[in-house]
Protein chains: 2
Amino acid sequence: MFESAEIGHAIDKETYEAEVPALREALLEAQYELKQQARFPVIILINGIEGAGKGETVKLLNEWMDPRLIEVRTFDQQTDEELAHPPAWRYWRQLPAKGRMGVFFGNWYSQMLQGRVHGRFKDPVLDQAIHAADRLEQMLCDEGALIFKFWFHLSKKQMKARLDSLKDDPLHSWRISPLDWQQTRTYDRFVRFGERVLRRTSREYAPWHVIEGFDPCYRSLAVGRILLEGLQQALQVRTESLHQAMAPIGDSIDRRSLLGSLDMSVRLDKADYQHQLIEEQARLAHLMRHKAMRRHALVAVFEGNDAAGKGGAIRRVAAALDPRQYHIVPVAAPSEDERAQPYLWRFWRQVPALGKFTVFDRSWYGRVLVERVEGFCSEADWMRAYSEINDFEEQLHDAGIVVVKFWLAIDEQTQLERFQEREQIPFKRFKITEEDWRNRDKWPLYRDAVGDMVDRTSTEVAPWTLVEANDKRWARVKVLRTLNEALEAAFKRDKKHRKGH
Amino acid sequence: MFESAEIGHAIDKETYEAEVPALREALLEAQYELKQQARFPVIILINGIEGAGKGETVKLLNEWMDPRLIEVRTFDQQTDEELAHPPAWRYWRQLPAKGRMGVFFGNWYSQMLQGRVHGRFKDPVLDQAIHAADRLEQMLCDEGALIFKFWFHLSKKQMKARLDSLKDDPLHSWRISPLDWQQTRTYDRFVRFGERVLRRTSREYAPWHVIEGFDPCYRSLAVGRILLEGLQQALQVRTESLHQAMAPIGDSIDRRSLLGSLDMSVRLDKADYQHQLIEEQARLAHLMRHKAMRRHALVAVFEGNDAAGKGGAIRRVAAALDPRQYHIVPVAAPSEDERAQPYLWRFWRQVPALGKFTVFDRSWYGRVLVERVEGFCSEADWMRAYSEINDFEEQLHDAGIVVVKFWLAIDEQTQLERFQEREQIPFKRFKITEEDWRNRDKWPLYRDAVGDMVDRTSTEVAPWTLVEANDKRWARVKVLRTLNEALEAAFKRDKKHRKGH
């Protein structure tokens, strides 16, 4: 993988200086075109051997291009806010918006390589990290991002020579190298694990570019040309994404559906309701104050038919708690800033820190519900959303976040009655719009979309709970009970896990 | 100030229960109207005596109203990211957007009171904090925010009774009171300093409401009614701000202006330029790596005539540094999310952490330049901006941030030549638009605006530097030199300060 980057690539100064002006101009032009189109972001990942010119190249790119359109991001020590969130949160919060370039100097690859080289974990964990990076990049590319991955390489001999010369350079000596690169063993391990990482994460939509870093003229020109070519190509392509068209989801042959199999007649009488509601609320209040909550967070997703009673159910959950413990996120159409980012970005922003509870009133599932049914995104977009969402929720789960998802289901007749009631009551009239009436015509389309959604995203780490909501009392108690059971199960797993050690 | 909140206010249960349904309905209606209009945010500050029902009231408000439109924020321990920024940064990042309500439970008042009560500082520092809060709230109100400030009060006897009863309540005993309220002295000091704070910060646009907290029915109804009345009133008023019309800025009688007094003929020849540029760049690189930088950050503001060479000057500054050390913020028209916040919000987001350097390519001064000249905001808005900006920059300065502001000035003839040149060069054509040509007609208006801006915002803590920019070389060297001198002066002050102790 690195062989051709150890053969002593070099370019003479004259050739370099003759080429650079035109290259610079073309890069600038491409950069302004990128800004003008504002169709996609550019993400440049900088990795490789210490002393191979990573820093110098980033500096040069900022000189060649307009630095006002470039964001250079480093990811050193995690802040305490970052430590309280899933590992990928720190990258999501730094993503460049459409039309801009982000240089990630230190990134998910540096993290996984340092961990492995220093022996903080073994291959299986490295492979998990590789897989996560692969999935993240695929999602970013599907969302339109243009990703360049540069690996700056040096042979062992070249590296030693470079480090010796840098030692006496006051511009470099102040920086402490993160790994002890003077040791042969470090180099060997870095290259070995680097090879494994590159092999598994070089993809047609985001290939690695290995650059021999010894000769500054060669490496600068090589990087500049790769960037320019990639930029120009992407600026000419007019579709949002390269991945298109997948096999459609088959219809159920026997017309039986999960939603159809719910017993919509279940109900609670008033006395039972009040008794059980108070009991479950007290249980939730207790669980949220439990010391095990310090290692967990809670995410509750509320989806459902219009007028299924999401708001009322959420209020009963909130009533159990101190308002400082939870945060309710109402999800509507994305704002301008949110549209300039990958689809899941606005939900990553709202991921709770450990100890906290976030309620999503509608959620990322809009992608496979309203956006699918209304055609707000392409079929390819909502088709890939299922696995992107599964990835997202798995990351939440792995960080200790308990994810509970509710579909509140009512039948058509019940919805009709509630719509009519809303039109009568003054302070409820805000809740009903023309659009709600129109959506009723799409009932079969939504039913199919919900069926597919549950089939494809009800997972062990984040299962769906279908809630029979014709009777509001039944629904509210079931919601609270499900939350409680999920928290208790998570706390129990902790205990088991600790005993296992 | 607290006398009438110690007289035993109470409301009987029947009256309470008769009133609540209508109050709730009206509050909900007001809340939806607020969301619909999306004209202003509502900020509710919760302060007062421990045990006086602060938490219970916040919980109740979330039950009465739609909790999806309410954000409850607590400000406990600062995170390390917050500690690396000016103190007000943590509040700015949590401001509710227009159309939403933010409950600040724990806020600037709790911070200053706890500090003073615990003897961490004395009255002069308390008074500084009071003044800062006063200015912040005035700015927020001028920006349209509706602020409610509630002080929940108890007499000493009432408090002791409440704390005794809470002690045995499992819902409360888990929480540890931040102050040792059992001591008489704490109560006395809290009330004494609280009185000082309330006296000085009760304003017609954001008055304090002192609520006797002993009787739950009374305090709930009182808070609910105040909120409802204030909301309804604000929803009816149609102007953006209550403060309107101030004395206009007088024209200079003798027609002499600061800009007119610049010697626009100054220049550097190529050899001098190259020598001095490299020298100043090395000096900046050295200063940015100096260990004193850990206690400082650097903010550079670039304003100037169109085509004055801001971009070129910024690139020469950037070229001195490692791209990981600086961040360039190009300022254009605000996005949708930014328009839903007070004017300075989007700049607060970009304030650098300690050790970092942020370059603003155009800045908050847009308010008193383009927005004034083009009439994008009212006269009252840009008139008050001068002092808001001075407050903002003083906060940066107090947090150790060195603020350097450049106005790059060219004359009309030079601008004409540069515009014509830009139209000829392919990769510069992005830089010139119809609007640039139109702006030339407004030259005298901009000259006046710049004059007023410098007169009113060139302060000791953040002075303006006027840069003669007809000669780009001269301008670039002057910019770099000014940055260096500002940093060196700040480091020197540190030393003096330390010796003084």
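Counting of residues starts from 1 at the beginning of each chain's written sequence and follows it residue by residue. Here the convention is simple: chains get letters from A, ligands get numbers from 1, in the order in which they are written. It should be noted that, the model being predicted, local features are given only for residues of pLDDT at least 70 and side-chain atom pairs only at 80 or more, the latter also being counted only at that level, while totals for whole chains, interfaces and linings use all residues. Only hydrogens and water are set aside when side-chain values are computed; all heavy atoms of the structure are taken into account.

**Q** Hey, could you go over the overall build of chain A for me, with residue numbers and the actual values?
**A** Across its full length, chain A carries 20 helices and 10 strands. The dimensions of chain A, computed from C-alpha atoms along their principal axes, are 85 × 55 × 45 Å. The buried share of chain A, taken over its 501 residues, is 56%. Two residues qualify as a contact provided that any one of their heavy atoms is within 4.5 Å of a heavy atom in the partner residue. Summarising the internal contacts of chain A: among those between residues at least 6 apart in sequence, 82% fall at separations of at least 24. Asp and Glu are treated as the negative residues and Lys and Arg as the positive ones, with His and the ends of the chain left uncounted. Positions of charges follow a simple convention, taking NZ of Lys, CZ of Arg, CG of Asp or CD of Glu. If the 76 positive side-chain charges of chain A are averaged to one point and the 76 negative ones to another, these points end up 6 Å apart. A run of H or I in DSSP counts as a helix once it spans at least four residues, and a run of E counts as a strand once it spans at least two, with each numbered from the N terminus. Exposure classes here rest on a 1.4 Å probe applied to the protein chains alone. A residue is buried below 20% of its type maximum, exposed above 50%, and partly exposed in between.

**Q** Explain the sheet that holds strand 9 (residues 401–409) of chain A to me, and be specific about the residues and the numbers.
**A** Residue and element names in this part refer to chain A. Any two strands are treated as partners once DSSP identifies two or more bridges connecting them. The strand order across the open sheet built from five strands is 7-8-6-9-10, with neighbouring strands paired in parallel fashion. Two strands in the sheet have a free side with no partner beyond their single neighbour: strand 7 (326–330) and strand 10 (464–468). Direction aside, neighbouring strands of the sheet carry axes that sit 20° apart on average. Pairing of strand 9 with strand 10, which is carried by five bridges, proceeds in the parallel orientation. Residue Trp407 lies in a different strand from strand 10, and its bridge partner there is Leu466. The axes used here are C-alpha line fits, helices contributing only the stretch in contact, and every angle between their N-to-C directions lies in the interval 0 to 180 degrees. Helix 12 (residues 310–319) contacts strand 6 (297–304), strand 7, strand 8 (357–361) and strand 9 of the sheet and is inclined by roughly 160° relative to strand 6.

**Q** Pulling in residues and values, what's your account of the confidence of the model for chain A?
**A** Caution is warranted with low-pLDDT regions, since their predicted coordinates should not be read in detail. Residues and elements named next belong to chain A. Put simply, chain A has an average pLDDT of 89, and 92% of its residues get 70 or more. Every residue gets a pLDDT, meaning the predictor's confidence in that residue, from 0 to 100. Predicted confidence in chain A is weakest over helix 8 (residues 170–173), with a mean pLDDT of 54, and strongest over strand 6, with 98. Across residues 241–248, where pLDDT falls below 50, the model places 11 contacts with residues more than four positions away in sequence or in other chains. Overall fold confidence (pTM) sits at 0.82, and the ipTM for the predicted complex is 0.77.

**Q** Any chance you could break down the nonpolar core for me, citing the residues and the numbers?
**A** Definition used in this section: a nonpolar core is a set of buried Ala, Val, Leu, Ile, Met, Phe, Trp, Tyr and Cys residues joined via side-chain atoms within 4.5 Å. If you look at the biggest cluster of nonpolar residues, it comprises 115 residues, and the most contacted ones within it are Ile49 and Trp364 of chain A. At 10 residues, the largest contribution of residues to this core is made by helix 10 (residues 216–236) of chain A. Membership of the second largest hydrophobic core comes to 114 residues, among which are Met159, Tyr187, Val197 and Val373 of chain B.

**Q** Would you mind going over unusual backbone geometry in detail, with residue names and values included?
**A** Positive phi is not limited to glycine here, since Ala307 of chain A has a value of about 70°. Tracing the backbone shows Ala307 of chain A in the loop between strand 6 and helix 12. Classification of Ala307 of chain A as buried rests on a relative accessible area of 7%. Although it is not a glycine, Arg362 of chain B adopts a positive phi angle of roughly 70°. Here Arg362 of chain B lies in the loop between strand 8 (357–361) and helix 15 (370–374). The exposure class assigned to Arg362 of chain B is partly exposed, which follows from its relative accessible area of 30%.

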